[in-house]
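Here's the letter readout for the chains.
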Amino acid sequence: MAESVESPAHLSHLSETELMSFNDLISALPALLKEAEYSELYGHDLSEPSTTTDILVLKFLVANKYVVPDAHQQLLETLKWRLTFNPLSAAFEETHPSKFDGLGYITEDKVNPEGEVITWNLYGQVSGKHDVVFGDTDEFLRWRVGLMEKGLQLLDFSSKRTQISQVHDYSNVSFLRMDPNAKKASKAAMAVFQRYYPELLGKKYFVNVPLIMGWMFTAMKLIASRETIEKFVVLSHGGYLAEYAGNWVPEAYGGKGLSLAEQDVSLGIKLVGGVIIPVAVDKES
């Protein structure tokens, strides 16, 4: 009788059926990468066997409830999108317009090694300039995806720090008269993150949400999955955030930390996966 092979520690939590699905997708990975003509994911090379490769592939399985064909298709689409969109360029090569300054920050809990990495979205700071900031959806998307990709470099997929949290501050945002350009840009960003960044969301904090808008989040619970709803934290006042994220957040959010501008680490983030920023292929050339 053959002895069973013990699973690596980072896969030990999987059931026998889940492990079979994982092995099926990992076995198909070389052919998948060849079909995509691309192997980089969030700055890491999937053609190199590693714990990080395993965890990243696993995220696509979890997002698709371990249905291998569905996970395979989503991973393939993600790699093809990265080849054409070139998100690493958006993060590390391109200079974005100054109109986005102050609308997004990246912070990390440096007290706890496994603490949260957070991207902050402060669209309320636009203050009447929605047509300028959100008028060009593609331009906005490249800036926002670039911010996300930088934040991902602070994660360690071989540890427990494998997800990134978000804060959406709704100060000065009108829910009843939301600018159509802002709505279009936000919808586009949400679609990209949902499809091409599965299982990367830790917590999603909605702060300074008017009590009268509580119905909107109640409605969301009717259409979103239980796993997604468990990640949502809706706060009517920004000062409550420290109770959930920790005292390291700025005083404006109930903590004892420095301002977001002073804590922002986005400018100092480097590409850590060792992957060279690719050049998108022009299929018509």
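S.K.: Residue-level account of the overall build of the chain, with values.
M.R.: Along its length, the chain carries 11 helices and 7 strands. For the chain, the residues scored as buried account for 47% of the 285 residues in total. Considering only contacts within the chain whose residues lie at least 6 apart along the sequence, 74% involve residues at least 24 apart. Carbon and sulfur atoms make up 53% of the accessible area of the chain, which totals about 15,300 Å².

S.K.: Please set out the confidence of the model for the chain residue by residue, giving values where relevant.
M.R.: Residues at a pLDDT of 70 or more form 88% of the chain, whose mean pLDDT is 88. Ranking the elements of the chain by mean pLDDT puts helix 8 (residues 214–223) last with 69 and helix 3 (residues 68–85) first with 98. Throughout residues 280–285 the model reports pLDDT below 50, and contacts reaching past four residues in sequence, or to other chains, amount to 5 contacts.

S.K.: I'd like to hear about the side chain of Lys 231, residue by residue, with values.
M.R.: Take Lys 231: it is sitting in the loop between helix 9 (226–229) and strand 7 (232–234). Lacking a salt bridge, the buried Lys 231 has Glu 199 as its closest oppositely charged neighbour, with an N-O distance of 4.2 Å. For Lys 231, the side chain forms a polar contact with the main-chain oxygen of Leu 201, separated by 2.8 Å. The residues touching Lys 231, leaving out its near neighbours within four places in the chain, are Gln 163, Glu 199, Leu 201, Gly 202, Lys 203 and Lys 204.

S.K.: Can you explain the packing of aromatic side chains? Please cite residues and give values.
M.R.: Aromatic ring pairs are reported here in terms of the distance separating the ring centres and the angle at which the planes meet. Tallying each qualifying case throughout the model produces 14 aromatic pairs. Between Phe 193 and Tyr 197, the aromatic rings sit 5.4 Å apart at their centres with planes inclined by 75°, giving edge-to-face as the arrangement. Look at Phe 193 and you get buried, because its relative accessible area is 14%. Grouped by ring-pair contacts, the aromatic residues Tyr 42, Trp 81, Phe 85, Phe 193, Tyr 196 and Tyr 197 constitute a single cluster.

S.K.: Any details on the sheet that holds strand 5 (residues 164–169)? Residues and values, ideally.
M.R.: Pairing is mixed across the open sheet formed by 5 strands, whose spatial order is 3-4-5-6-7. Because the sheet does not close on itself, it has two edges, and the strands there are strand 3 (104–108) and strand 7. The average undirected angle you get between the axes of adjacent strands in this sheet is 20°. Note: strand 4 (residues 117–121) against strand 5, 4 bridges, orientation parallel. In the strand pairing of strand 5, Asn 121 is matched with His 168. Contacting strand 3, strand 4 and strand 5, helix 6 (residues 137–152) runs over the sheet at an angle of about 5° to strand 3.

Calculation rules
Residues numbered from 1 in each chain as written. Predicted model: local features only at pLDDT ≥ 70, side-chain atom pairs only at ≥ 80, totals over all residues. Heavy atoms only, no water. Helix = DSSP H or I, 4+ residues; strand = E, 2+ residues; numbered from the N terminus. Buried < 20%, exposed > 50% of the residue type's maximum accessible area, 1.4 Å probe, protein only. Contact = heavy atoms within 4.5 Å. Areas by Shrake-Rupley, 256 points an atom, 1.4 Å probe, with all protein chains shown as cover. pLDDT = per-residue confidence, 0-100. Lys, Arg positive; Asp, Glu negative; His and termini not counted. Salt bridge = Lys/Arg side-chain N within 4 Å of Asp/Glu carboxyl O. Polar contact = N/O pair within 3.5 Å; in protein donor to acceptor, adjacent residues only side chain to side chain. Phe/Tyr/Trp six-rings, centres within 6.5 Å; stacked < 30°, edge-to-face > 60°. Pairing = 2+ DSSP bridges. Axes fitted to C-alpha atoms, helices over the stretch in contact; angles between N-to-C directions.

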